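Each chain, written out:
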Amino acid sequence: MNVDNIIATILAGGKSQRLGHDKSTAILGDKTLLDHTIEKIENKFSEILVVTNNKNIKINKKNVHIINDCIEGQLGPLVGVLSAMKWVEKNKKKYSWISTFPCDTPYFKIDIVDEMINHLRKKNSKLFFLKSKKKRHNIFGLWHTDLKDILENDIMNNFRKVELWADKIGAETINIDNSEKFGNFLNINTKEDLEEAKSKLKN
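A short tour of the structure in this document, coming up. (Residues numbered from 1 in each chain as written. Predicted model: local features only at pLDDT ≥ 70, side-chain atom pairs only at ≥ 80, totals over all residues. Heavy atoms only, no water.)

### Section: the environment of Lys-62
With respect to the helices and strands, Lys-62 occurs in the loop between β4 (48-51) and β5 (64-67). Counting along the chain gives 15 residues from Lys-62 to Glu-47, while the straight-line C-alpha distance between them is 8.5 Å. (Helix = DSSP H or I, 4+ residues; strand = E, 2+ residues; numbered from the N terminus.)

Here you go:
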């Protein structure tokens, strides 16, 4: 198992209601949150998908593809994952895994990718999530493309929450309690979170 078998997917299609505007375009330092995430992972993967419903987002990089949710209505991250799986199938790509990243957690370290891959070699599962400090990070995940039909069927039957769907499928967790190695998982949902992120950037 190596990254050649994995396509990175940044989930940026949320409503961002608590922040008041599209969080992927929020500015941290001299870059958007989306740019922070792309720059962090782009040297690790041959291709990156950005799932967004913001028609104004443009990325001028050959290996970064902007796609929309395959189901309208901003129904949550599960639809974003399904959209990535459908893109892989439609474009006849050889990827077996979707590696998902949030657009609003700028301080994680890329070492988590190697940790995920190492875990894949040891476990026989089709769904993996990171876990730190007893919290499962449901957007930092690895999803096997074999799950596509099950995922689509469940979405059409009103599964919306990643937490509940993952528990239904049975997700393996990858414990990463070494914060120094794997970074900070500050999630930016509000203006206060963004200010906290800015203060960390200065330190």
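Having put the structure on the table, let's press on.
### Thoughts on the layout of surface pockets
Volume-wise, the second largest pocket comes out at about 170 Å³. Lining the second largest pocket are 11 residues, and of these Ser-132, Lys-133, His-137, Gly-183 and Phe-185 lie nearest its centre. Looking at the lining of the second largest pocket residue by residue, the classes come out as 3 nonpolar, 5 polar and 3 charged. (1 Å grid on protein atoms, 1.4 Å probe; cavity = no way out; pocket = protein on both sides within 12 Å on 5 of 7 lines; lining within 4 Å. Points joined across faces, edges and corners; volume = space filled by probe spheres on them. Nonpolar A, V, L, I, M, F, W, Y, C, P; charged D, E, K, R; others polar.)

### Things to note about helix α2 (residues 77-90)
Across its 14 residues, α2 extends 20 Å between first and last C-alpha, which sits within 8% of the 20 Å expected from 1.5 Å per residue. Across the 14 residues that make up α2, a large majority, 10, are buried. Taken together, the buried positions of α2 are Leu-78, Val-79, Gly-80, Val-81, Leu-82, Ser-83, Ala-84, Met-85, Trp-87 and Val-88. Positive phi shows up at Lys-92, right after α2, with a value of about 55°. (Expected span 1.5 Å × (residues − 1). Buried < 20%, exposed > 50% of the residue type's maximum accessible area, 1.4 Å probe, protein only.)

### Details of the side chain of Ser-125
Positionally, Ser-125 belongs in the loop between α3 (111-122) and β7 (127-132). In this structure the side chain of Ser-125 is engaged in a polar contact, spanning 3.3 Å, whose partner is the backbone oxygen of Leu-127. If we skip the residues at most four places from it in the chain, Ser-125 touches Trp-97, Gly-170 and Glu-172. (Polar contact = N/O pair within 3.5 Å; in protein donor to acceptor, adjacent residues only side chain to side chain. Contact = heavy atoms within 4.5 Å.)

### Digging into the state of the cysteines
The tally for this structure, following the rule as stated, stands at 0 disulfides. The thiol sulfur of Cys-70 is not disulfide-bonded, and the nearest other cysteine sulfur, from Cys-103, lies at 18 Å. When its relative accessible area of 37% is taken as the criterion, Cys-70 is described as partly exposed. A residue is classified by how much of its surface remains accessible, and Cys-103, at 4% relative accessible area, is buried. (Disulfide = S-S within 2.5 Å.)

### Focus on the sheet that holds strand β8 (residues 135-144)
Spatial strand order, β5-β4-β1-β6-β8-β7-β9: 7 strands in an open sheet with mixed pairing. Edge strands, defined here as strands with exactly one partner in the open sheet, are β5 and β9 (172-175). The sheet shows a mean angle of 30° between the axes of neighbouring strands, direction not considered. Across the sheet, α2 touches β1 (6-11), β4, β5, β6 (97-102) and β8, and the angle it forms with β1 is around 145°. (Pairing = 2+ DSSP bridges. Axes fitted to C-alpha atoms, helices over the stretch in contact; angles between N-to-C directions.)

### Considerations on the packing of helix α4 (residues 148-156) against helix α5 (residues 162-169)
At a closest axis distance of 12 Å, the pairing of α4 and α5 adopts a crossing angle of 130°. Classified by the angle between their axes, α4 and α5 sit oblique to one another. Relative to α5, α4 is oriented so that their crossing is right-handed. Residues Ile-150, Leu-151 and Asp-154 of α4 pack against Trp-165, Lys-168 and Ile-169 of α5. (Parallel < 35°, antiparallel > 145°, perpendicular 65-115°, else oblique. Left-handed = near helix turned anticlockwise from the far one by under 90°.)

### Notes on the pairing of β8
Remark: a regular strand shows side chains that alternate across the two faces of the sheet. Counting buried positions over the 10 residues of β8 gives 8, a clear majority of the element. Two strands pair when backbone bridges link them, and β6 and β8 are joined in this way by 4 bridges, in the antiparallel orientation. Bridge pairing links Ser-99 to Leu-142 in β8. When β7 meets β8, the two strands line up antiparallel, connected through 6 bridges. By the bridge assignment for β8, Ser-132 is matched with Lys-135. Linking β7 back to β8 in an antiparallel pair, the connection comprises 2 residues, with Lys-133 at a positive phi of about 50°.

Nothing here speaks to function; it is geometry throughout.
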